[in-house]
Amino acid sequence: MLKLELRAASSRSMAYLSPVLALLLTIFFGALLFMALGKNPLTGLQVFLIEPIRSKAAIAELLLKTTPLVLCALGLSVCYRANVWNIGAEGQLIAGGLAAGSTILFFDTGTPGLSGGMVLLLASCAGVVGGALWASITALLRDRFNANEILVSLMLTYIAQLLLMYAVNGPLKDPNGMNFPQSKVFSSDYLLPHLFSGSRLHIGFIVMLVASGLMAVFVYRSFAGYRLTVGGLAPLAARYAGFSSRRALWTSLLISGGFAGMAGAFEVAGPIGQVLPSISPGYGFAAIIVAFIGRLNPIGTIFGGLVLSLFYLGGEMAQSRLGLPSAITGLFQGMLLFLLLACDTLINYRLRWQK
Amino acid sequence: MENFAALIAASINSGTPLLIAALGLLINERAGVLNLGAEGMMLVAAITGFAIAHQTHMPWLGFVAGAIAGMLMATLFAWLALVLVTNQVATGLALSIFGAGLSAFIGQSFVGQSLPAGPHGIPLLSDIPFLGKALFDQHMAVYFGLLLCGGIIWFLYRSRAGLVLRAVGESPESAHALGYPVRKIRYLALLFSGACCGIAGAYLSVVYTPMWVEGLVAGRGWIALALTTFATWRPARVLLGALLFGSVTILQFHFQAIGIAIPSEILSMLPYLATIIVLVLISRNPDWIRLNMPASLGKPFRPGSA
């Protein structure tokens with residue numbers, strides 16, 4: 001029988017191998033899933049994983065969806081390093097998107113005012129502040145009242161979604177929109193500039209790459225980042241060294257909320273171009289998986305983001321080409337996270353054959 | 001008066017799924033396992049129960065299917081958290097994410113379908129004026145929830161097995177040293193919890209709503225998790241909390257009905273706001289929580305590793 005045996009020291013190489021192994025296993029189980037659904041498994045995998053990246057335009061779409069995933073995951077990585085279980089990135093994203101959308105609608109009145117670039121800068125800042133403020137509620141209640149951050153951040157996600165619904169049914173509703181629950185479409189001056197003509201990939205992608213680099217410096221090369229990591233790995237040692245756990249809580253949640261809010265701002269001012277009742281297909285939740293796949297490493301999250309983005313596109317492809325529900329994306333997401341957790345066991349344990 | 005009776009009845013109705021799910025979660029938390037996958041288990045059970053009830057026209061079979069689906073999800077969790085000793089928080093999250101995906105996937109062809117309302121109430125008793133309408137005109141699952149609550153109180157505090165379960169949650173090392181199979185007991189606790197969350201999920205899709213929309217459970221799994229903390233892991237207080245949350249949910253419809261001018265989206269926030277407020281009030285004193293929380297909650301235990 002196979003037995004788990006504790007390793008003398010946790011394996012570094014396994015920590016990096018585990019996501020790859022999990023991805024391969026996900027593809028294997030994915031093939032089984034397609035077979036169970038009565039499709040040719042190879043065709044299924046081809047449609048799900050290869051079709052979405054066959055052309056240049058398709059790759060631009062992949063990078064477009066990678067942007068919000070990585071932005072949210074950058075902040076979540078910092079939280080999880082500090083052992084702060086923020087799972088409300090989706091709500092922080094919505095709060096940021098709502099703040100950014102309101103800002104744009106405030107200036108986008110048809111009369112000459114601030115330049116488009118200026119408004120977009122303001123809107124992005126509003127997004128960051130909105131997301132950070134939303135996350136600060138969680139930080140405050142944890143800090144002041146010891147309320148569990150997992151449940152609070154999640155409850156705030158439902159509240160943010162309802163707030164967005166209220167906004168598009170009330171104050172932000174397009175007066176000439178035939179009563180649809182949505183804002184008016186932003187005029188083109190107030191949309192994020194595209195990187196290439198003919199693709200929706202916008203400047204936010206570059207911002208995301210720069211942010212990943214900066215966060216890598218923060219996590220691995222700054223004292224503040226070091227304090228956070230120590231606090232997460234060894235709370236007692238951190239306390240002995242005088243690193244404040246309260247500061248770690250606030251720093252990580254504000255960073256996380258800020259990045260998620262930025263992601264929301266970029267979605268609203270980018271591919272969506274108006275405020276809709278739904279501005280994210282669960283990017284904030286998928287980003288949890290991105291953070292784990294990326295090993296809580298800011299550069300690693302880019303790879304995680306590409307994988308999860310591919311799953312989103314694959315779901316759309318599976319719907320249009322194979323007639324399968326696009327919700328298959330969620331299945332692949334869940335499988336990947338499960339298999340990753342299972343493979344992570346091999347970091348601290350080795351498999352032994354025992355009679 | 002007639003309205004008031006209807007209000008009470010509606011509160012009980014909407015508190016029932018919370019009660020059943022939270023009672024299940026209470027058991028696995030008392031055994032020291034934190035399963036944040038309640039939402040996922042309830043979602044998968046809700047669509048399974050709905051699909052079975054819809055295809056067979058037998059609502060009770062929907063409940064059975066829901067319970068089985070919940071137990072299968074719990075087994076998945078148990079395999080990771082108990083056998084592979086993964087982080088329980090992350091594994092529970094994974095179960096919730098997976099459950100959301102799986103339920104949306106199975107449910108895509110059922111979106112917007114509905115079920116006929118089933119039989120209600122206890123004969124004779126439901127004819128009593130006021131009380132009959134307020135208390136005795138409910139689906140059988142409501143009375144099942146109450147029986148379950150009584151049963152769990154007896155089990156935890158009056159039976160030997162309940163004592164062992166609590167011992168496993170307080171100190172798995174001691175229980176292990178005394179020869180109790182810690183992992184097996186935890187697995188059984190998780191299975192029970194899965195069945196309860198499954199029945200609660202099926203109640204939502206088969207009786208409470210009764211139709212299928214994506215994300216039907218709408219955070220009730222998480223609220224049930226909050227309820228166990230609110231109840232400081234005591235079954236009688238879970239009952240109280242479930243009724244409280246049931247009435248908060250109903251309050252929003254009542255406000256709308258009597259024409260208070262608050263937008264419906266804001267009113268719909270009430271249960272979530274109430275959860276946050278309750279968590280804040282109950283957690284304010286960390287010592288109070290520490291005293292009541294099962295000591296090994298969320299900490300993995302691997303026999304022979306220490």
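Just so you know, these numbers come straight off a predicted model, no measurement behind them. (Residues numbered from 1 in each chain as written. Chains lettered and ligands numbered in written order. Predicted model: local features only at pLDDT ≥ 70, side-chain atom pairs only at ≥ 80, totals over all residues.)

Within chain A, the secondary structure is distributed over 13 helices and two strands. For 355 residues, the compact-globule estimate of 2.2 N^0.38 gives 20 Å, and chain A sits close to it at 21 Å. Within chain A, the proportion of its 355 residues that are buried is 53%. Considering only intrachain contacts with a sequence separation of at least 6, the fraction spanning at least 24 residues in chain A is 77%. (Helix = DSSP H or I, 4+ residues; strand = E, 2+ residues; numbered from the N terminus. Rg over C-alpha atoms; globule rule 2.2 N^0.38 Å. Buried ≥ 20, exposed ≤ 12 C-beta atoms within 10 Å, placed from the backbone. Contact = placed C-beta atoms within 7 Å.)

From N to C terminus, chain B includes 14 helices and zero strands. Its helices and strands taken in sequence order, chain B reads α-α-α-α-α-α-α-α-α-α-α-α-α-α from the N to the C terminus. Computed over C-alpha atoms, the radius of gyration of chain B comes to 19 Å, within 12% of the 19 Å expected from 2.2 N^0.38 for 306 residues, which places it in the range of a compact globule. Projected onto its principal axes, the C-alpha positions of chain B cover 60 × 45 × 40 Å. Split into buried and exposed, the 306 residues of chain B put 51% on the buried side. For chain B, the proportion of contacts with a sequence separation of at least 24, taken over those separated by at least 6, is 78%.

Listed per partner, the contact involves 38 residues of chain B and 35 residues of chain A. Those elements that place two or more of their residues in the side of chain B that touches chain A are helix 4 (88–107), helix 10 (220–230), helix 12 (264–268) and helix 13 (270–283) of chain B. Here the element with the most residues in the side of chain B that touches chain A is helix 4 of chain B; it accounts for twelve residues.

Its 14 residues place the ends of helix 13 of chain B 20 Å apart at the C-alpha level, agreeing with the 20 Å of an ideal helix rising 1.5 Å per residue. For helix 13 of chain B, the complete set of buried residues consists of Pro271, Tyr272, Thr275, Ile276, Val278, Leu279, Ile282 and Ser283 of chain B. Down the axis of helix 13 of chain B, the sector holding all buried residues measures 165 degrees, keeping them to one side. Its buried side turned inward, helix 13 of chain B meets helix 5 (116–145) and helix 6 (149–169) of chain A together with helix 10, helix 11 (235–257) and helix 14 (286–292) of chain B. (Expected span 1.5 Å × (residues − 1). Arc of directions from axis to C-beta.)

This brings us to the packing of helix 1 (residues 2–30) of chain B against helix 11 of chain B. Residue and element names in this part refer to chain B. Relative orientation of the contacting elements helix 1 and helix 11 amounts to 140 degrees, with a least axis distance of 7 Å. The orientation of helix 1 relative to helix 11 falls into the category oblique. Every pair of crossing elements has a handedness; the one defined by helix 1 and helix 11 is right-handed. Counted together, Leu7, Ala10, Ser11, Ile12, Ser14, Gly15, Leu18, Leu19, Ala22, Leu23 and Leu26 of helix 1 and Pro235, Val238, Leu239, Ala242, Leu243, Phe245, Gly246, Ser247, Thr249, Ile250 and His254 of helix 11 form the full contact between these two elements. Here the contact of helix 1 with helix 11 is composed, by residue class, of 15 nonpolar, seven polar and no charged. (Axes fitted to C-alpha atoms, helices over the stretch in contact; angles between N-to-C directions. Parallel < 35°, antiparallel > 145°, perpendicular 65-115°, else oblique. Left-handed = near helix turned anticlockwise from the far one by under 90°. Nonpolar A, V, L, I, M, F, W, Y, C, P; charged D, E, K, R; others polar.)

Let's shift gears to the nonpolar core. Note on soluble globular proteins: their nonpolar side chains tend to be buried together. Counting 211 residues, the largest nonpolar core has Cys72, Ala269 and Ala287 of chain A together with Ala21 and Ala22 of chain B as its most contacted members. Each residue touching cysteine 72 of chain A, except ones within four places of it in the same chain, is listed here: Ala89, Leu93, Phe259, Ala260, Ala263, Tyr283, Gly284 and Ala287 of chain A. (Core = buried A, V, L, I, M, F, W, Y, C linked by C-beta atoms within 7 Å.)

Here the focus is the environment of threonine 228 of chain B. All names here are of chain B. Inspection of the secondary structure puts threonine 228 in helix 10. Owing to 28 C-beta atoms within 10 Å, threonine 228 belongs among the buried residues under this scheme. Expressed as a C-alpha distance, the spacing of threonine 228 and valine 238, which sit ten residues apart in the sequence, is 6.5 Å. In this structure threonine 228 touches Ala22, Leu25, Leu26, Glu29, Trp233 and Val238, once residues within four positions along its chain are discounted.

One non-glycine residue with positive phi stands out, namely asparagine 83 of chain A, at about 65 degrees. Along the polypeptide, asparagine 83 of chain A turns up in the loop between helix 3 (56–81) and helix 4 (89–107). Overall, the presence of 18 C-beta atoms within 10 Å leaves asparagine 83 of chain A in the partly exposed class. Look at alanine 218 of chain B: it is not a glycine, yet its phi comes out positive at around 50 degrees. Taking the number of C-beta atoms within 10 Å as the measure of exposure, alanine 218 of chain B has 17 and is therefore partly exposed.

When the terminal C-alpha atoms of helix 3 (residues 59–83) of chain B are compared, their 35 Å separation across 25 residues agrees well with the 36 Å that a helix rising 1.5 Å per residue should span. At the exit of helix 3 of chain B stands valine 85 of chain B, carrying a positive phi of roughly 45 degrees.

Residue and element names in this part refer to chain A. Counting buried positions over the five residues of strand 1 (residues 2–6) gives zero, only a small fraction of the element. Sheet analysis places strand 1 next to strand 2 (residues 349–353), joined by five bridges and oriented antiparallel. Note on strand 2: the bridge partner recorded for lysine 3 is arginine 352. (Pairing = 2+ DSSP bridges.)

Residues and elements named next belong to chain B. Along the chain, alanine 6 falls in helix 1. We classify alanine 6 as partly exposed; it has 15 C-beta atoms within 10 Å. Separated by 124 residues in the primary sequence, alanine 6 and phenylalanine 130 have C-alpha atoms spaced 8.9 Å apart.

With that settled, consider the packing of helix 7 (residues 160–170) of chain B against helix 9 (residues 182–208) of chain B. Residues and elements named next belong to chain B. At a minimum axis distance of 10 Å, the contact between helix 7 and helix 9 shows a crossing angle of 110 degrees. By the angle class used here, helix 7 and helix 9 are roughly perpendicular. Each of Val164, Leu165 and Val168 in helix 7 lies in contact with helix 9, whose residues at this interface are Val182, Ile185, Arg186 and Ala189. Of the residues contributing to the contact of helix 7 with helix 9, the split by class is six nonpolar, no polar and one charged.

Attention now goes to the confidence of the model for chain B. Keep in mind that low pLDDT regions are not for reading the predicted coordinates in detail. Residues and elements named next belong to chain B. Averaged over all residues, the pLDDT of chain B equals 92, while 99% of them reach at least 70. The least confident element of chain B is helix 5 (residues 131–135), whose mean pLDDT is 81; the most confident is helix 9, at 97. As scored by the predictor, the complex reaches a pTM of 0.94 and an ipTM of 0.93. (pLDDT = per-residue confidence, 0-100.)

Let's shift gears to the environment of tyrosine 190 of chain A. All names here are of chain A. Note on placement: tyrosine 190 falls in the loop between helix 6 and helix 7 (204–221). Here tyrosine 190 falls in the buried class, since 21 other C-beta atoms lie within 10 Å of it. In this structure, tyrosine 190 is in contact with Ile104, Asp108, Gly116, Val119, Leu120 and Ala269, ignoring residues within four places of it in sequence.

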